[in-house]
Amino acid sequence: MARIDWTAKLKRMRRLLAAAPVVLAAFGVAMAASSTPRPEIDRRAETVRSLTGGDLSARGFAAITGRMDPSQLAIALRHDPGERRAALYGLTPGWESLTLAGRPTLDFGATGLDAMKLNAATPDASQFLRVAAPFVFKPATAEDRRRALRCLTQGIYYEAALEPTEGQEAVAQVILNRVRDPNYANSICGVVFEGAERTTGCQFSFTCDGALSQAPVAWAWNRAKLVAERALAGHVSARVGTATHYHADYVHPWWAPTLNKLTQIGAHIFYRWKGAYGEPAAFRQRYAGREPLIDEGRFSRPRIQIASATEAELALGEAAANGESLMRTVEIDGQTRVVGVASLGGRRQASAAEIAAINQRLAAFETPTPAPDEPIRTAPPGVTVMDVEEVGRPAS
């Protein structure tokens, strides 16, 4: 009977036991890899590859959109960063490009869908975002405090009443940044109503377009007032930092490319000065502490007179009799604009004679003119004449 070498078997068993953890670990990793679900992005890429056959041109993507129903396609377009369309919300198509002659605005430039595409194509310069210092609000008197709070609330309400709270905070931040910017007035009311007393244009359109004549909605006013109080207490909108400009996303002002685009909140896009002028150190102007008295009754009257149909006819007739025109061309911040009287009251009622003439022309238009007799055409030699059956023709 052969003798078993137990010493050698023990050595071999020790080596196997020593290697077991490594083998088990490798086996576990392999099992985990095989059982882990594939990432969602991998599945999407595989689906796109199978549908397009690897063709990522317009033809390939047409193969994808062709399989979508209208609702799926609408959702896809809504999330396409290269396709910005204005939502109509029941408004007349083309509303985004409608303008009234004479309404003063600082939002010069392209409007509507083209502007939205230009704004979307403008790259963000968020690397230049700098957090602004809290505003130091030290009014000289209680009346100055009241005036400052009212002017800041007006700026927030009339500029961003329906914006999210973060958007309202950003507008308040822009106003307070301007107070500390040497390029602007050193009071809150001075910044908000800057330019409203001149014919060269206002900084905030509500101060010269008659918006102040509309009484604010209580709940929206109180919401804007709370945002103003927090801003005057030192709250800082970190998302806009040292921004001094903003505009709605459906316009593209001429000055937009000259500034650094920081971010968009709600419908507003915010900008800061380029270079050192946009750094926190540049906002060194001290708050005056005293607020000017604002004649709101004066600024509640719009520069463009919105007249009724009758008033417009009388004014135009009087101007024509005197050899004058109610429309005039002015220059506002380097941009030519036509201002004057506009009627929103509808058309003048036509007289009986005019109505009869219109009806006569309509009757003549609707009466078909008999076509001249056409000569009978014979088919050329070798051509077979066939009867033509009109499909879908309504019965006479």
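Positions within a chain are numbered from 1, following the residues in the order the chain's sequence is written. In view of the model being predicted, local features appear only for residues whose pLDDT reaches at least 70, and side-chain atom pairs are presented and counted only at 80 or more, with totals across whole chains, interfaces and linings using the full set of residues. Side-chain numbers come from the whole structure's heavy atoms, not from hydrogens or water.

Participant: How should the overall build of the chain be read in this particular structure?
Facilitator: Where helices and strands are cited, they refer to DSSP runs of H or I of at least four residues and of E of at least two residues respectively, numbered from the N terminus. Of regular secondary structure, the chain possesses 12 helices and nine strands. Relative accessibility thresholds used throughout: buried, under 20% of the residue-type maximum; exposed, over 50%; partly exposed, between the two (1.4 Å probe, protein chains only). Expressed as a percentage of the 396 residues in the chain, the buried residues total 31%. Total accessible area on the chain is roughly 26,300 Å²; 58% of this is exposed by carbon and sulfur atoms. The Shrake-Rupley method, run with a 1.4 Å probe sphere, supplies the accessible areas, and residue values consider only the shown protein chains as cover.

Participant: Help me out: how do you make sense of the side chain of T207 in this one?
Facilitator: Tracing the backbone shows T207 in the loop between α8 (188-192) and α9 (218-232). Look at T207 and you get buried, because its relative accessible area is 1%. Whether two residues are in contact is decided by their heavy atoms, any of which lying within 4.5 Å being enough. Excluding residues that lie within four positions of it along the chain, T207 makes contacts with V192, F193, A196, C202, L212 and F299.

Participant: When you look at a nonpolar patch on the surface in this model, what are you seeing that I'm missing?
Facilitator: A grouping of L162, V217 and W219 is seen on the molecular surface, where their side chains present a nonpolar patch of about 390 Å² in accessible area. As for its placement among the helices and strands, L162 is situated in the loop between α6 (142-160) and α7 (165-179). A patch consists of residues whose relative accessible area exceeds 30% and which take part in no salt bridge; residues with like charges are grouped when within 9 Å of each other, and nonpolar side chains (Val, Leu, Ile, Met, Phe, Trp, Tyr) when within 5 Å. Salt bridge criterion: a side-chain nitrogen from Lys or Arg within 4 Å of a carboxyl oxygen from Asp or Glu.

Participant: Before we go on, may I ask you to explain the pattern of salt bridges in this structure?
Facilitator: In the structure shown here, the tally under the stated rule is nine salt bridges. Between E296 and R150 there is a salt bridge whose closest N-O contact spans 2.8 Å. Linking E296 in helix α10 (residues 296-299) with R150 in helix α6, this pair joins segments that are 146 residues apart in sequence. Judged by its relative accessible area of 25%, E296 is partly exposed.

Participant: How should the sheet that holds strand β2 (residues 245-248) be read in this particular structure?
Facilitator: Sheet architecture is open: three strands sit in the order β2-β5-β4, paired in antiparallel fashion. Only two strands of the sheet have a single partner each, and these edge strands are β2 and β4 (260-265). On average, each strand axis in the sheet is tilted by 25° relative to the strand beside it, whichever way the strands run. Taken together, the five bridges between β4 and strand β5 (residues 268-272) define a ladder with antiparallel strand orientation. The residue bridging N260 from the neighbouring strand is R272, located in β5. Set on the sheet, α7 makes contact with β2, β4 and β5; between it and β5 the angle comes to about 30°. Any two strands with at least two DSSP-identified bridges between them are counted as paired. Axis lines are fitted to C-alpha atoms, over the contacting stretch for helices. Their N-to-C directions set the angle, which ranges from 0 to 180 degrees.

Participant: How should I be thinking about the packing of aromatic side chains in this particular structure?
Facilitator: Geometry of an aromatic ring pair is reported as the spacing of the ring centres plus the angle between the planes. Paired rings are identified among Phe, Tyr and Trp, the last through its six-membered ring, by centres lying within 6.5 Å, and are further divided according to the angle between planes into stacked (under 30 degrees), edge-to-face (over 60) and tilted (the rest). A complete count under the given rule lists 11 aromatic pairs for this structure. On the basis of an interplanar angle of 80° and a centroid distance of 5.5 Å, the ring pair of W255 and Y271 is categorised as edge-to-face. Of this pair, W255 sits in the loop between β3 (251-252) and β4 while Y271 sits in strand β5, and the two are 16 residues apart along the sequence. The exposure classification of W255 matches that of Y271, with both residues buried.

Participant: Explain the state of the cysteines here, please?
Facilitator: Among covalent bonds in proteins, the disulfide is the one between the sulfur atoms of two cysteines. Count a disulfide wherever a pair of cysteine sulfur atoms falls within 2.5 Å. Enumeration according to the criterion identifies one disulfide in this entry. Through a disulfide, C151 is tied to C189; the S-S separation comes to 2.0 Å. Taking the torsion about the sulfur-sulfur bond, which here is approximately 95°, the covalent link between C151 and C189 counts as right-handed. Of this pair, C151 sits in helix α6 while C189 is found in helix α8, placing the two residues 38 residues apart along the sequence. Overall, the relative accessible area of 1% leaves C189 in the buried class.

Participant: Can you walk me through the pairing of β5 in this structure?
Facilitator: Both faces of the sheet carry side chains from a regular strand, because those side chains alternate between them. Burial of β5 is extensive: five of the five residues sit out of reach of the surface. Taking every second residue as pointing to the same face, both faces of β5 are buried, with H268, F270 and R272 on one and I269 and Y271 on the other. Two elements, β2 and β5, share four bridges in a ladder whose sense is antiparallel. Each bridged residue has a counterpart across the sheet, and for H245 the counterpart in β5 is Y271. Linking two consecutive strands that pair antiparallel, namely β4 and β5, is a turn of two residues; a positive phi of about 65° is found at G266 within it.

Participant: Looking at this structure, I do not really get the packing of α7 against α9. What am I missing?
Facilitator: Angle between the axes and distance between the axes: these two values describe a pair of packed helices. Axis separation between α7 and α9 bottoms out at 10 Å; the angle between their running directions is 50°. The orientation of α7 relative to α9 falls into the category oblique. Remark: the crossing between α7 and α9 carries right-handed chirality. Taking contact as the criterion, the partners of T165, Q168, E169, A172 and L176 in α7 are, on α9, R223, A224, V227, R230, A231 and L232. Here the term charged refers only to Asp, Glu, Lys and Arg, the term nonpolar to Ala, Val, Leu, Ile, Met, Phe, Trp, Tyr, Cys and Pro, and the term polar to all other amino acids, Gly among them. Taken together, the residues that form the contact of α7 with α9 break down as six nonpolar, two polar and three charged. Throughout, the term roughly parallel applies to angles under 35 degrees, roughly antiparallel to angles over 145, roughly perpendicular to angles from 65 to 115, and oblique to all others. Left-handed describes a crossing whose near helix is turned anticlockwise from the far helix by less than a right angle; the clockwise case is right-handed.

Participant: Looking at this structure, I do not really get the confidence of the model for the chain. What am I missing?
Facilitator: Reading fine detail from the predicted coordinates is not recommended where pLDDT is low. In the predicted model, the chain carries a mean pLDDT of 74, and 58% of its residues have values of at least 70. A score between 0 and 100, pLDDT records how confident the predictor is in each residue. Throughout residues 84-108 the model reports pLDDT below 50, and contacts reaching past four residues in sequence, or to other chains, amount to 48 contacts. Per-residue pLDDT stays below 50 along residues 341-348; that stretch engages in 21 contacts with residues further than four places along the chain or on separate chains.

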